[in-house]
Amino acid sequence: MKYVDEYRDGALAQTIAAAIRREADPAREYHFMEFCGGHTHAISRYGLEDLLPANVKMIHGPGCPVCVLPVARIDMAIACARRPEVTLCVYGDLMRVPGSGGMSLLKAKAEGADIRMVYSTLDALRIAEKQPEREVVFLAVGFETTTPPTALAIRAAGKKGLTNFSILCNHVLTPAAIQTILQSPDVRELGSVKIDGFIGPAHVSTVIGLQPYRFFAEEFEKPVVVAGFEPLDVAQAILMLVRQINEGRHEVENQYIRAVSEYGNEKAQAEVAEVFELRERFEWRGLGDVPYGALKLRAGYERFDAERRFDLAEKPAHDNPACECGAILRGVKKPRDCKLFGTLCTPDTPMGSCMVSPEGACSAHWTYGRFREAAKSALRAEVVALRPEEVA
Amino acid sequence: MSAQQPIRRKLDLKSGRVDLSHGAGGRAMGQLIEDIFHSAFDNDWLRAGNDQSAFEVGAGRMVMTTDGYVVSPLFFPGGDIGSLAVHGTINDIAMAGAKPLYLSASFIIEEGFALADLKRIADSMGRASRAAGVPVITGDTKVVERGKADGVFISTAGIGVTPPGIVLSSDAAKPGDVVLVSGTMGDHGVAVMSKRENLEFDVEILSDSAPLHELAAAIIAAGGAGVRVMRDPTRGGLAATLNELAHQSGVGFSLEEEAIPVRPEVAAACEFLGLDPLNVANEGKLVAIVAPDVADAVLAAMKADPLGARSAAIGKVVEDANRFVEMRTAFGGGRIVDWLAGEQLPRIC
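This structure is a prediction, so every number in the text was calculated from the model and none was measured.

**Q** Pulling in residues and values, what's your account of the overall build of chain B?
**A** Helix and strand counts for chain B stand at 9 helices and 13 strands. Compactness check: chain B gives a C-alpha radius of gyration of 22 Å against a globular reference of 20 Å for 349 residues, within 12% of the reference. In terms of principal-axis extent, the alpha carbons of chain B reach across some 85 × 50 × 30 Å. Across the 349 residues that make up chain B, the buried fraction comes to 52%.

**Q** Please provide a residue-by-residue account of the domain arrangement of chain B, values included.
**A** Bring the parts together and some accessible area is lost; that lost area is often taken as the interface size. All names here are of chain B. Taken domain by domain, chain B holds domain 1 (20-162) and domain 2 (178-336). Just the C-alpha atoms count here: the centres of domain 1 and domain 2 sit 27 Å apart. In this complex, domain 1 contributes 18 residues to the contact, which on the side of domain 2 involves 22 residues. Only α3 (81-94) and β4 (99-110) provide two or more residues apiece to the side of domain 1 that touches domain 2. At 7 residues, the largest contribution of residues to the side of domain 1 that touches domain 2 is made by α3.

**Q** How would you summarise the pairing of strand β7 (residues 197-200) of chain A if you had to cite specific residues and measurements?
**A** Residues and elements named next belong to chain A. A two-sided burial pattern is seen for β7, the buried positions comprising G197 and I199 on one face and F198 and G200 on the other. Here strand β1 (residues 30-36) runs beside β7; their pairing, made up of 3 bridges, is parallel. Directly across from M33, in β7, lies its bridge partner F198. Here β7 pairs with strand β8 (residues 224-226) via 3 bridges, running parallel. Within β8, the residue paired with G200 across the bridge is V226.

**Q** A description of the nonpolar core should follow, citing residues and the corresponding values.
**A** Core analysis: the largest hydrophobic core is formed by 234 residues, its most contacted members being V137, L139 and I238 of chain A together with V152, I219 and V298 of chain B. Ranked by the residues each element gives to this core, the list is headed by helix α11 (residues 231-246) of chain A, at 10 residues. Each residue touching V152 of chain B, except ones within four places of it in the same chain, is listed here: L74, I81, F107, I108, I109, E110, F113, L118 and I121 of chain B.

**Q** Hey, could you go over the interface of chain B and chain A for me, with residue numbers and the actual values?
**A** Counting residues at the interface gives 20 residues for chain B and 26 residues for chain A. If you list the elements that add at least two residues to the side of chain B that touches chain A, you get α8 (264-273) and β13 (334-336) of chain B. For the side of chain B that touches chain A, a count of residues per class yields 9 nonpolar, 7 polar and 4 charged.

**Q** Account for the sheet that holds β8 of chain A, naming residues and giving values.
**A** Residues and elements named next belong to chain A. Pairing is parallel in the open sheet, where 5 strands are placed in the order β2-β1-β7-β8-β9. If you trace the sheet from one side to the other, it starts and ends with β2 (56-63) and β9 (252-254), each paired once. Averaged over all pairs of adjacent strands, the angle between strand axes in this sheet comes to 25 degrees, irrespective of strand direction. Alignment of β1 against β2, held across 6 bridges, turns out to be parallel. Within β2, the residue paired with E34 across the bridge is H60. Helix α10 (residues 211-219) rests against β7, β8 and β9 of the sheet, and its axis sits at about 140 degrees to β9.

**Q** Just give me the short version of the domain arrangement of chain A, but keep the residues and values in it.
**A** Residues and elements named next belong to chain A. Per the domain assignment, the segments making up chain A are domain 1 (5-64 + 176-254), domain 2 (71-173 + 264-309) and domain 3 (325-391). The interface of domain 1 with domain 3 comprises 18 residues on the first partner and 14 residues on the second. Contributing elements (two or more residues each) for the side of domain 1 that touches domain 3: α2 (37-45) and β2. Broken down by element, the residue count for the side of domain 1 that touches domain 3 peaks at 6 residues, all from α2. Here the residues of the side of domain 1 that touches domain 3 are counted per class, giving 7 nonpolar, 9 polar and 2 charged.

**Q** I'd like to hear about the environment of R249 of chain A, residue by residue, with values.
**A** All names here are of chain A. Relative to the helices and strands, R249 is located in the loop between α11 and β9. Taking the C-alpha atoms as reference, R249 lies 8.2 Å from E221; in sequence the two are 28 residues apart. Excluding residues within four positions of it along the chain, R249 makes contact with P223 and Q244.

**Q** Tell me about the sheet that holds strand β5 (residues 136-144) of chain B, residues and numbers included.
**A** All names here are of chain B. Here we have 4 strands laid out as an open sheet, ordered β1-β6-β4-β5, and mixed in their pairing. If you trace the sheet from one side to the other, it starts and ends with β1 (61-69) and β5, each paired once. Across the sheet, the mean angle from the axis of one strand to that of its neighbour is 15 degrees, orientation sign disregarded. By the bridge criterion, 10 bridges tie β4 to strand β6 (residues 152-162) in an arrangement that is antiparallel.

**Q** How would you explain unusual backbone geometry if you had to name every residue and give the values?
**A** Residue P73 of chain B is bonded to the preceding S72 of chain B through a cis peptide linkage, with omega at 0 degrees. Checked against the element boundaries, P73 of chain B lands in the loop between β1 and β2 (75-76). Positive phi is not limited to glycine here, since Y292 of chain A has a value of about 50 degrees. Tracing the sequence through the fold places Y292 of chain A in the loop between β12 (288-289) and β13 (294-297). One non-glycine residue with positive phi stands out, namely D311 of chain A, at about 50 degrees. You can see D311 of chain A is positioned in the loop between α13 (306-309) and α14 (325-330).

**Q** Quick one: what's the story with the packing of helix α6 (residues 213-223) of chain B against helix α9 (residues 295-304) of chain B, residue by residue and with numbers?
**A** In a packed pair of helices, the relevant descriptors are the angle between the two axes and the axis-to-axis distance. All names here are of chain B. One can describe the packing of α6 onto α9 by two numbers: an axis separation of 8 Å at closest approach and a directional angle of 150 degrees. Of the possible angle classes, the one that applies to α6 and α9 is roughly antiparallel. Here the hand of the crossing between α6 and α9 comes out right-handed. Within the contact between the two elements, α6 uses L215, A218, I219, A221, A222 and G223 and α9 uses A297, V298, A301 and M302. Taken together, the residues of the contact of α6 with α9 break down into 9 nonpolar, 1 polar and no charged.

**Q** Go over the packing of α3 of chain B against helix α4 (residues 115-132) of chain B with me, naming the residues and quoting the values.
**A** All names here are of chain B. The geometry of α3 relative to α4 is characterised by a closest axis approach of 6 Å and an angle of 35 degrees between their N-to-C directions. Relative to α4, α3 is oriented so that their crossing is right-handed. In this structure, α3 contributes I81, G82, S83, A85, V86, H87 and I90 to the contact, and α4 contributes I121, A122, S124, M125, A128, S129 and A132. Here the contact of α3 with α4 is built from residues that sort into 9 nonpolar, 5 polar and no charged.

About the thresholds
- Residues numbered from 1 in each chain as written.
- Chains lettered and ligands numbered in written order.
- Predicted model: local features only at pLDDT ≥ 70, side-chain atom pairs only at ≥ 80, totals over all residues.
- Helix = DSSP H or I, 4+ residues; strand = E, 2+ residues; numbered from the N terminus.
- Rg over C-alpha atoms; globule rule 2.2 N^0.38 Å.
- Buried ≥ 20, exposed ≤ 12 C-beta atoms within 10 Å, placed from the backbone.
- Domains from an automatic or database assignment.
- Contact = placed C-beta atoms within 7 Å.
- Pairing = 2+ DSSP bridges.
- Core = buried A, V, L, I, M, F, W, Y, C linked by C-beta atoms within 7 Å.
- Nonpolar A, V, L, I, M, F, W, Y, C, P; charged D, E, K, R; others polar.
- Axes fitted to C-alpha atoms, helices over the stretch in contact; angles between N-to-C directions.
- Parallel < 35°, antiparallel > 145°, perpendicular 65-115°, else oblique.
- Left-handed = near helix turned anticlockwise from the far one by under 90°.

Put into structure tokens, the structure is as follows:
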């Protein structure tokens, strides 16, 4: 595949890996958080950690739109889908995310809710056009990358005069989340999470540019290297971070120069600003309320807001108490630290969101990495005796 | 004076549709079977018009299999539900090292289904069965109300016979054995996906749907008792097949990503859709696990068959209490090749 295989070249990977091994100071450890699930997936799928020296450690960040959706929002989507007049359009990844009481969109669909899997916002728009008698709701999720298409779909619906199309908005913002992580007690006071630098988002940064990261690189003195989603991109970004640390720098650097610019895609930003505004509070799974960490529809676009249209209220809901998704999303724990991991919680029977999306830390670790510790985990023996009802 | 004979109207194959009378057991059903199915599968057994067919059984172990086909869309690049229903069942027989002999075919048709499409499917089945030399010798037709099926569902069963001395079994893989595949992975799944609503690709990717019994026979001829097990990696792809074998044989697998053949256009489509080609279905490929001393001869025999031209050795069987399928990535790291969780794409076969 042209323009893809070049970024997966094994020989080049060895060269970069050798440079990382040579330059990483054996007297210290390097802890880097890759914010995005796309990076987590690349690291796991290509076995990148095998190429790193033991003192360069990767922490999986919360940048997976499926994973950060709290139970209450899943419950809300299910409640919306159960309305007889509603056709809910969702991305396939979301179908299996567990809501309260073991319910999921997949189960709601089996019970008769009209839920359709779509590949894009435009698919949902097409369904709305074809079925004017149905209330078509698009379950909008994702970071800055997926927001412009949602904005465009809403504008298109407006132009076409569609009165049966709305969205359940769960769009969230990356810089706010990174700031929340850096300000969390885990990082600032307790020292339970060591973060020396960030691999910055790839696709998100094509939209927002490098500018938004400059504040916290400076304020929190943490280097950020924005990197593409191919394994060589990630390897090179790690090398750039090691160099910044060694040289005492904390800058925003751009590894993904083939796609990311200083100010990003201003046209896309303008589309988003036209339709959306900041939401004062929005819960992220794991991070809790992230101030101004999400978007809502602006005045003038209320009629596209499914929450208002169907009077959907967010009801308090909680993760399974034994599920460590929250701590894993904050980087405090690793998948293998969770008692449910690989025992009661597997990709076939996910109990937390991190096990659902292929970009989730638990799913990635299960699918690609668990053989490293499969036989070693002392937790496993302990949990085998646990019954589902005891942890439910 | 003899009774007047009613004029027998021809089936309207241009714009006619299947209605409930076509499944009611009356003349309309007889005509449908005669004009569409018997003409497509034409052979002495069907012409005899019995509710069953009788045949002589030779020496050896009998092999029997059955499979239902619900693929959507019914017609896809490189095949259709009809050819698939023939190939899939022949392949299940062939993977036992058996010679497939006879097929049965059962149709569940939705009211309103176009007769022209039914004819096209039956003709395609007939061609596939004749090309493979495995006749359809008995069948059944049912029509259900609109909305109770999706166009047409086909169920085929097959019977075959294994030559004496050949016992292939999924628990027979041993550490040191070599893993061979007969060609590129993921073609069928991507071909079907490419014709699904809302997914338009510029490149035409053809399904690999094909009968593998001759290739399988060539493998047995070249490897003899050194052939431990054969499987066709259909739903769940190569990853599911190897994970099943790992569990059934109590072994692990160690694969080399670079050795696994994948068409660039399939790789690109998978990349785009966020899929792994190793999880994507095949309908004309097989995996053979063979003893190391016959691996070269078997691989050469596979490559000599037109359906195995791109055969490759992709790894080996290893001892592993965890029964993991591991792979060294082209990038240089290691990873697990796991079963796919959930459903990647429903109704691909």
